[in-house]
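Coordinates in review
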There are 2 protein chains.
Amino acid sequence: MARVNEHYRKLAAGYLFPEIGRRTREFQQQHPDAQLLRLGIGNTTEPLTPSVIAGLHNGVDQLADRETYRGYGDEQGDLDLREALARFYKGRSMEIASDEFFISDGAKPDSGNIQSIFSLDSRPAFQDPAYPVYVDTNVIAGRSGPYNPDTGTYERFIYMPCTKENRFIPELPSEPADLIYLCSPNNPTGAVATHDELKRFVDYARDRKAVIIFDASYSEYIDDPDLPRSIYEVDGAKQCAIEINSFSKFAGFTGVRLGWSVVPKELTVADSDFGTVHSLWFRRQTTFFNGASNIVQRGGLAVLSDAGLQECGELTSYYMGNARIIKEGLQEIGLQAYGGDNAPYIWMETPGGMTSWEFFDKLLSEAWVIGTPGSGFGPSGEGYFRLSAFGHREDISRAVDRIQKRLTL
Amino acid sequence: MARVNEHYRKLAAGYLFPEIGRRTREFQQQHPDAQLLRLGIGNTTEPLTPSVIAGLHNGVDQLADRETYRGYGDEQGDLDLREALARFYKGRSMEIASDEFFISDGAKPDSGNIQSIFSLDSRPAFQDPAYPVYVDTNVIAGRSGPYNPDTGTYERFIYMPCTKENRFIPELPSEPADLIYLCSPNNPTGAVATHDELKRFVDYARDRKAVIIFDASYSEYIDDPDLPRSIYEVDGAKQCAIEINSFSKFAGFTGVRLGWSVVPKELTVADSDFGTVHSLWFRRQTTFFNGASNIVQRGGLAVLSDAGLQECGELTSYYMGNARIIKEGLQEIGLQAYGGDNAPYIWMETPGGMTSWEFFDKLLSEAWVIGTPGSGFGPSGEGYFRLSAFGHREDISRAVDRIQKRLTL
């Protein structure tokens with residue numbers, strides 16, 4: 001008699017984005033004429049750039065020809081793509097070997113799967129608010145106690161509140177943590193950790209033999225040259241940190257699916273006697289995964305070419321132009337808005353003490369604009385709201401215009 | 001202090017295919033002039049067909065244009081691809097709703113991940129020999145006891161021996177099983193279960209509320225119209241079976257990465273009160289996965305077009321021509337060979353009581369041909385050897401010629 005994984009029972013609610021989808025569909029059915037503007041999910045809208053398109057077509061053409069056709073590739077990813085990534089990091093003065101990169105089908109699967117190579121009694125610490133995948137995948141794996149609806153937290157999990165008081169950069173974990181999830185530039189707050197702020201975490205992790213899981217998916221949105229775009233810019237990070245990154249926001253690959261993780265070979269934990277973290281992730285990936293699409297990997301290689309990097313830089317600049325329009329637009333009507341300077345997300349306080357979902361419904365019904373309730377990212381997100389800078393410029397401008405004209409404050 | 005998932009310690013050895021790769025590289029280094037012929041990994045070698053290439057190019061072009069660009073899609077897969085699959089099954093008289101299909105990046109991830117939605121105390125039963133992913137992923141999840149090197153089995157796992165005495169179609173589990181992994185056409189034995197043989201398993205599973213995980217990745221290689229190409233050809237299977245399938249061997253997508261699973265909504269288990277198996281797999285996929293590449297899904301849609309199906313049928317026929325050459329070639333020199341009639345694998349007995357790895361080394365050193373040791377698929381595979389029909393015709397013919405001329409028997 002089969003039974004289901006009982007940890008699914010603990011999950012507090014549906015995954016945030018399906019819930020937004022449900023409320024949106026409901027509103028649209030009731031108001032079929034409302035032209036909704038979507039600043040909710042961080043979904044890219046601008047076409048892929050010419051070099052990348054050429055790389056992808058080339059990837060397809062290779063499969064049309066007996067001489068260049070390739071079947072299964074290296075589960076860890078094509079060597080030339082891993083070498084291109086090594087050069088990309090080296091260009092920023094970081095030494096990562098090509099076999100420390102693991103190409104994947106995106107940051108979401110890697111963020112979700114990485115916990116599976118650690119023991120179930122490892123205690124995770126999360127920024128609060130955070131991308132829900134980190135928490136949910138640890139619940140499903142069985143690391144949490146029950147959910148407490150009063151606090152909005154799971155027992156046994158350590159939350160690191162990110163508030164306006166700490167500029168949305170958390171303090172060190174309040175209790176001993178084994179796995180520390182960090183995301184910078186942050187989704188959802190748009191905050192970016194400085195070198196010194198990351199160093200505190202690296203020192204903590206090295207002291208305790210904890211592991212930092214560093215999500216750098218938005219690193220290409222950092223404009224300020226003083227802010228670190230990789231945790232490996234911090235000395236000692238290779239001994240304690242795994243970095244997860246993606247071509248999704250970097251190059252518009254949200255639907256194309258390509259990412260990478262760096263698992264340094266020198267990263268060890270308490271009981272690495274039978275295998276390093278690197279060798280375990282290798283075993284995990286070769287057992288559960290069969291590599292990213294070879295066509296898509298050709299696209300990734302094109303992103304990392306000189307022309308590709310130039311073009312993708314223009315793409316991220318475009319979205320950052322949107323971010324400025326949103327942030328300034330909100331500030332003009334007296335709303336408190338954070339982030340948006342080195343990250344494609346604007347994190348605003350809801351006006352008049354509304355809850356995040358109340359503001360979601362208000363924004364949807366008054367301005368026909370869809371955003372993301374901050375509380376969906378964790379209890380410290382309550383009273384906040386995320387607006388995404390991904391969208392066509394005219395839609396972003398229209399959304400801001402509607403918010404300014406229609407929102408009753 | 002982080003610790004690693006201790007279940008990795010239990011894994012008996014490296015994953016089969018990396019070990020083959022290691023021995024092959026070692027031999028090649030010692031014999032740099034040896035021109036190796038690879039009949040080991042079931043890796044497709046012939047180019048994608050014209051309709052599919054056109055579909056993929058079209059998928060790329062859509063992303064070059066602002067009007068047709070799409071970012072994140074439905075995690076469950078594009079609706080038009082799921083509808084095309086529903087029509088494909090309907091053409092074979094099976095009614096599967098479009099929302100019972102889950103598009104993935106291949107059968108390997110689905111085969112590995114599917115166990116995660118079931119409780120850890122669910123006892124799995126495996127065909128022996130079997131594709132190693134089923135066993136290994138259950139070990140990593142923690143369902144096994146220790147590995148017993150004398151028997152080549154893990155404690156708590158139920159093995160269903162497939163031998164020449166039972167035509168490589170197993171008996172029902174000898175102890176009560178909760179999850180039953182079946183693969184037909186079988187990898188590695190090439191055996192195909194009849195309708196009546198599958199019915200026995202469906203009846204067993206329905207009686208016990210067990211779940212069958214049915215891997216149909218090689219279904220398009222079935223030539224005999226009387227043999228079932230899907231478990232849903234058996235009445236009642238929708239109440240107890242999940243089917244996993246792939247475009248890899250169907251259309252040459254081994255490196256392109258596209259597959260699907262069917263999780264029927266009427267499939268329930270003992271404690272489905274808080275969610276059906278369908279809803280749990282949906283939750284799992286929306287949390288850990290972000291959909292297959294949108295470009296690749298356009299390719300899958302092209303496979304399922306009339307022209308695509310015609311072309312892909314020619315592709316599978318080509319490989320089946322190879323299978324005949326191998327099987328007959330082995331039989332001509334007195335070797336016992338099975339499979340290969342409705343499956344792209346030939347399963348041969350090693351001559352003179354050699355072990356599978358002994359024969360691997362012999363075949364490599366004498367004929368410069370790489371195959372797959374049967375023992376790598378489970379203890380009942382000992383004394384057997386798998387040869388794959390995936391290869392260019394001339395390489396297959398050359399390999400058979402070398403085996404016939406050089407192998408000392």
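Residues numbered from 1 in each chain as written. Chains lettered and ligands numbered in written order. Predicted model: local features only at pLDDT ≥ 70, side-chain atom pairs only at ≥ 80, totals over all residues. Heavy atoms only, no water.

Comments concerning the overall build of chain A
What counts here: Only runs of H or I of at least four residues qualify as helices and only runs of E of at least two qualify as strands under DSSP, and these elements are numbered from the N terminus. For this measure, only C-alpha atoms enter the radius of gyration; the expected value for a globule follows 2.2 Å times N^0.38, where N is the number of residues. Think of it in three bands: with a 1.4 Å probe and only protein chains considered, a residue is buried below 20% of the maximum accessible area for its type, exposed above 50%, and partly exposed in between. When checking whether two residues touch, look at their non-hydrogen atoms; a contact exists if any pair is within 4.5 Å. The accessible surface values rely on the Shrake-Rupley method and a 1.4 Å probe; as for residues, cover is taken only from the protein chains in view. Charged residues are defined here as Lys and Arg on the positive side and Asp and Glu on the negative side; His and the ends of the chain fall outside this count. For the purpose of locating charges, the reference atoms are NZ of Lys, CZ of Arg, CG of Asp and CD of Glu.
Scanning chain A from N- to C-terminus turns up 12 helices and 15 strands. The C-alpha radius of gyration of chain A comes to 21 Å, within 12% of the 22 Å expected for a compact globule of 409 residues. Taken along its principal axes, the extent of the C-alpha atoms in chain A is 60 × 55 × 50 Å. Going through the 409 residues of chain A one by one, you find that 64% of them count as buried. Contacts spanning at least 24 positions in sequence make up 73% of the contacts within chain A whose residues lie at least 6 apart. Within the structure as shown, chain A displays about 14100 Å² of accessible surface, and the carbon and sulfur contribution to it stands at 48%. Positive and negative side-chain charges in chain A, numbering 41 and 56 respectively, have mean positions lying 3 Å apart.

Regarding the relation of the copies chain A and chain B
Between the two chain copies there is a screw-like relation: a rotation about an axis and a shift along it. Defined as follows: Superposition of the copies was done by least squares, using only C-alpha atoms of residues whose pLDDT is at least 70 in both.
The operation relating chain A to chain B is a screw motion whose rotation component is 180 degrees, with 0.0 Å of axial translation and a residual RMSD of 0.0 Å. Both copies are brought into coincidence by an operation consistent with a two-fold rotation axis. Taking C-alpha positions as the reference, the residue of chain A nearest the rotation axis is His57 of chain A, at 3.1 Å. Looking at chain A, 100% of its interface residues are interface residues in chain B too, so the copies touch through the same face.

Section: the pattern of salt bridges
Residues and elements named next belong to chain B. Applicable threshold: Put simply, a salt bridge is a Lys or Arg side-chain nitrogen that is within 4 Å of an Asp or Glu carboxyl oxygen.
Counted under the stated rule, the structure contains 52 salt bridges over all chains. A salt bridge links Asp78 to Arg70; its shortest N-O distance comes to 3.7 Å. When the shortest N-O distance is used, the salt bridge between Arg298 and Asp80 registers 2.9 Å. With Arg298 in helix α9 (residues 294-303) and Asp80 in helix α3 (residues 79-90), this residue pair connects regions lying 218 residues apart in the sequence.

Considerations on the interface of chain A and chain B
Accessible area lost upon the coming together of the parts serves often as the stated size of an interface. Let me state the cut-off plainly: Two parts placed together each lose some accessible area under a 1.4 Å probe, and adding up what both lose gives the buried area. Polar contacts, as counted here, are pairs of nitrogen or oxygen atoms within 3.5 Å of one another; within protein the pair requires one atom able to donate a hydrogen and one able to accept it, and residues that are adjacent in sequence qualify only if both atoms are side-chain atoms. Residue type decides the class: Asp, Glu, Lys and Arg count as charged, Ala, Val, Leu, Ile, Met, Phe, Trp, Tyr, Cys and Pro as nonpolar, and the leftover types, Gly among them, as polar.
The partner chain B presents 85 residues to the 84 residues of chain A that form the contact. For the chain A and chain B pair, buried surface summed over both sides reaches about 7300 Å², with 56% attributable to carbon and sulfur atoms. Three residues, Arg66, Tyr72 and Phe288 of chain A, lead the burial of chain A against chain B; their summed loss comes to 11% of the area buried on that side. Measuring nitrogen to oxygen at the nearest pair gives 2.7 Å for the salt bridge that ties Arg3 of chain B to Asp121 of chain A. Where chain A meets chain B, there are 41 residue pairs in polar contact (both at pLDDT 80 or more). Listed by contribution, the elements that provide at least two residues to the side of chain A that touches chain B are α2 (50-62), α4 (107-113), α5 (132-141), α7 (248-251), α8 (277-288) and α9 (294-303) of chain A. Tallying contributions element by element places α8 of chain A first for the side of chain A that touches chain B, with 6 residues. Across the side of chain A that touches chain B, the residue classes break down as 36 nonpolar, 26 polar and 22 charged.

Let's talk about the side chain of Lys362 of chain B
Residue and element names in this part refer to chain B. Tracing the sequence through the fold places Lys362 in helix α11 (residues 356-367). Lys362 gets classed as buried once you look at its relative accessible area, which sits at 14%. Here the side chain of Lys362 touches Thr408 through a polar contact of 2.7 Å, landing on its backbone oxygen. Contacts of Lys362, omitting those with residues within four sequence positions, involve Met354, Ala367, Leu407 and Thr408.

Quick word on the pairing of strand β2 (residues 101-104) of chain A
All names here are of chain A. The condition is simple: Note on pairing: two strands pair once DSSP finds at least 2 bridges between them.
The alternating pattern of β2 places Phe101 and Ile103 on one face and Phe102 and Ser104 on the opposite face, and all of these are buried. Sheet analysis places β2 next to strand β10 (residues 259-262), joined by 4 bridges and oriented antiparallel. If you follow Ser104 over to β10, its bridge partner there is Gly259.

Considerations on unusual backbone geometry
All names here are of chain A. Residue Pro185 is reached from Ser184 by a cis peptide bond, and omega for that bond is -10 degrees. Looking at where Pro185 falls in the secondary structure, it is placed in the loop between β7 (179-183) and α6 (195-208). For Arg167, which is not a glycine, the phi torsion comes out positive at approximately 55 degrees. With respect to the helices, strands and loops of the structure, Arg167 is situated in the loop between β6 (158-161) and β7.

By themselves, these are just geometric observations and shouldn't be taken as functional.
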